[in-house]
Amino acid sequence: MLFINTRPQDRAVRLTQQLQAAQIPVVELPLLELVAQPYSAELDSLYQQLNRAQVIVVVSPTAVQIGMQYLAQAGIELATLAYIQWIAVGRSTEQALLQYGIQSHVPEVETSEGMLQLPILESLEKDAVVVFWRGEGGRLFMMDHLRQQGVEVLNFVLYQRQCPVQSQQTIAALLPRLQDNRHYMVLMSSEASWLNWVQLMQQDISLISKGIYLVLGPRLAAILGEYRQHHAAAFEYVQLESLSSDVIVREMKRVLGNS
């Protein structure tokens, strides 16, 4: 069964190598690329308020990279933020923060729901200030939940997420291959990725139903479930608790064993 690896190019390599080692055919088709937002007066104003924060939530290695770059541009020494607690959405973001000497809290499940279950967020006072280093459109559910708890959110939109132009060109060559397959498998890591996938498949929307989707977390699984119901689509999906390559390869092998 063909596996479509939709991770960004810089994070796709290990998974592709493990799948190939397991004799599983794989195509890389990134559904998201991250483009830095220009440093603006609005971002500068937010950076000048960092000293009010108790927690900084960082949602990706890209957010670490751009966030630290702009921290220096704002003239703020990282050492002055030593009292702040950091949350990383997953292990790769944790490793990116460690390069700056920052220890972070990491949820067991790499989703907004997983982060909200961290004791550090569950115990926040109502007047607490939480900073988000994020991309446009990401983590809205988490920020809304915290606001409903009376927490003040400082929203740093550091980059835009878009479907790579190369993938928009690649899909035309991939569609005949999908048409020839009874099933194929796709990794789906976010709602934005899913929306981009649906958009790419508009040339032959019926092919969506041939997919078996590995989806990260219960909220994304629910989104695919709603799509399946509303569009009378026949695809299957499997919920993942992690984007670990080992977990993904194990699920792929399990599906192959049951097919």
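Bear in mind the structure is a predicted one, so any value in this text is a computation, not a measurement.

Reading the values: the criteria
- Residues numbered from 1 in each chain as written.
- Predicted model: local features only at pLDDT ≥ 70, side-chain atom pairs only at ≥ 80, totals over all residues.
- Heavy atoms only, no water.
- Salt bridge = Lys/Arg side-chain N within 4 Å of Asp/Glu carboxyl O.
- Helix = DSSP H or I, 4+ residues; strand = E, 2+ residues; numbered from the N terminus.
- Buried < 20%, exposed > 50% of the residue type's maximum accessible area, 1.4 Å probe, protein only.
- Expected span 1.5 Å × (residues − 1).
- Domains from an automatic or database assignment.
- Contact = heavy atoms within 4.5 Å.
- Nonpolar A, V, L, I, M, F, W, Y, C, P; charged D, E, K, R; others polar.

This part is about the pattern of salt bridges. Going through the model one piece at a time under the given rule, you end up with 4 salt bridges. A salt bridge links Arg-52 to Glu-152; the nearest nitrogen and oxygen atoms lie 2.6 Å apart. In this pair, Arg-52 is assigned in the loop between helix 2 (41–47) and strand 4 (55–58) and Glu-152 in strand 7 (residues 152–162), connecting sequence segments 100 residues apart. With relative accessibility at 33%, the residue Glu-152 sits in the partly exposed group.

Okay, unusual backbone geometry next. Positive phi values are uncommon outside glycine, yet Gln-23 reaches one of about 65°. Within the element layout of this structure, Gln-23 appears in the loop between helix 1 (9–21) and strand 2 (26–28). Among the residues examined, Gln-23 registers a relative accessible area of 68% and is labelled exposed. A positive phi angle, near 50°, is found at Ala-232, a position not held by glycine.

Our next topic: helix 10 (residues 217–230). Over its 14 residues, helix 10 extends 20 Å from the first C-alpha to the last, a length consistent with the 20 Å expected when each residue adds 1.5 Å. Residues of helix 10 that are buried: Gly-217, Leu-220, Ala-221, Ile-223, Leu-224, Gly-225 and Tyr-227. Of the residues one or two after helix 10, Ala-232 is the one with positive phi, at around 50°.

Moving on: the domain arrangement of the protein chain. The domain architecture assigned to the protein chain consists of domain 1 (2–32 + 163–258) and domain 2 (35–161). Spacing between the C-alpha centres of domain 1 and domain 2 amounts to 28 Å. Across the boundary between the two partners, domain 1 contributes 10 residues, which contact 11 residues of domain 2. Linking domain 1 with domain 2 are 0 salt bridges. In terms of residue class, the side of domain 1 that touches domain 2 is built from 4 nonpolar, 3 polar and 3 charged.

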